[in-house]
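Here is how the chains run, residue by residue.
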Amino acid sequence: MTVLTSATEQTLREIGIAHKVDEQVLRLAKLGVEAEIDGIVASSHEIKILRAQFGDKIKIVVQGIRPSWAVPGDQKRFATPRQAAEAGADYLGIGRPITAYRNPREAVAKILQELDG
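For the structure given in this document, a descriptive report is provided here. Since the structure is predicted, the reported quantities are computational estimates derived from the model, not experimental observations.

### Regarding the environment of Arg77
For step 1, the next point in the chain: Here Arg77 lies in the loop between β2 (59–62) and α4 (81–87).
For step 2, the next point in the chain: Overall, Arg77 belongs to the buried group, its relative accessible area being 8%.
For step 3, the next point in the chain: Taking the C-alpha atoms as reference points, Arg77 and Gly64, separated by 13 residues in sequence, lie 6.7 Å from one another.
For step 4, the next point in the chain: Within the structure, Arg77 has its side chain in polar contact with the side chain of Glu46 (distance 3.1 Å).

In structure tokens:
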């Protein structure tokens, strides 16, 4: 895991990290790659810099996915499933938009439809 999708640069400063979010994500990813990880968890906002640095060397699991019909909630750095997939995510982590929906199966169907778009 790099930086939580609910975190901002202000959040990082509050815990003593002076880096911008994307710099911190890249720093942590480099440490992981040096330790021979196969993948990383990040937000959709960092996919571009991670791909530029590591190409397809690692898998990118993207959290903070919010379909177009879902509310962001506490997520600060989020994207729709389609935006994340088009940006280069290998896997999407979609929790609350499914579990909090009145009919989780319907939510999954709506997400798949949005991905097919």
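### Details of the packing of aromatic side chains
For step 1, the next point in the chain: Summed over all chains, the structure comprises 1 aromatic pair.
For step 2, the next point in the chain: Looking at Lys110, its charged tip hangs above the ring of Trp69, at a distance of 4.4 Å from the centre.

### Some points on helix α2 (residues 21–34)
For step 1, the next point in the chain: A rise of 1.5 Å per residue sets the reference length of α2, with its 14 residues, at 20 Å; its end C-alpha atoms lie 20 Å apart and thus fit the reference within 8%.
For step 2, the next point in the chain: Within the span of α2, buried status applies to Val21, Gln24, Val25, Leu26, Ala29, Gly32 and Val33.
For step 3, the next point in the chain: At its buried positions, α2 is contacted by α1 (9–14), β1 (39–42) and α3 (47–54).
For step 4, the next point in the chain: Residue Glu36 follows α2 closely and has a positive phi angle near 70°.

### Here we look at unusual backbone geometry
For step 1, the next point in the chain: Residue Glu36 is not a glycine yet carries a positive backbone phi of 70°.
For step 2, the next point in the chain: Residue placement: Glu36 occurs in the loop between α2 and β1.
For step 3, the next point in the chain: Overall, Glu36 belongs to the exposed group, its relative accessible area being 68%.

### Focus: the pattern of salt bridges
Any two side chains of opposite charge can pair, on the condition that their charged atoms come close.
For step 1, the next point in the chain: As enumerated under the stated definition, the model contains 6 salt bridges in all.
For step 2, the next point in the chain: For Asp90, the salt bridge goes to Arg51, with nearest N and O atoms at 2.6 Å. In this pair, Asp90 sits in the loop between α4 and β3 (91–92) while Arg51 sits in helix α3, placing the two residues 39 residues apart along the sequence.
For step 3, the next point in the chain: As a salt-bridge pair, Arg82 and Glu86 come within 3.2 Å of each other at their nearest N and O atoms.

### A word on the side chain of Ser43
For step 1, the next point in the chain: Structurally, Ser43 can be placed in the loop between β1 and α3.
For step 2, the next point in the chain: Separated by 3.1 Å, the side chain of Ser43 and the backbone nitrogen of His45 make a polar contact.
For step 3, the next point in the chain: A distance of 2.6 Å separates a polar atom in the side chain of Ser43 from a polar atom in the side chain of Glu46.
For step 4, the next point in the chain: Look past the residues within four positions of Ser43 in its chain and what remains in contact with it is Thr5, Val62, Gln63 and Arg77.

Rules and cut-offs
Residues numbered from 1 in each chain as written. Predicted model: local features only at pLDDT ≥ 70, side-chain atom pairs only at ≥ 80, totals over all residues. Heavy atoms only, no water. Helix = DSSP H or I, 4+ residues; strand = E, 2+ residues; numbered from the N terminus. Buried < 20%, exposed > 50% of the residue type's maximum accessible area, 1.4 Å probe, protein only. Polar contact = N/O pair within 3.5 Å; in protein donor to acceptor, adjacent residues only side chain to side chain. Phe/Tyr/Trp six-rings, centres within 6.5 Å; stacked < 30°, edge-to-face > 60°. Lys NZ or Arg CZ within 6 Å of the ring centre and 35° of its normal. Expected span 1.5 Å × (residues − 1). Contact = heavy atoms within 4.5 Å. Salt bridge = Lys/Arg side-chain N within 4 Å of Asp/Glu carboxyl O.

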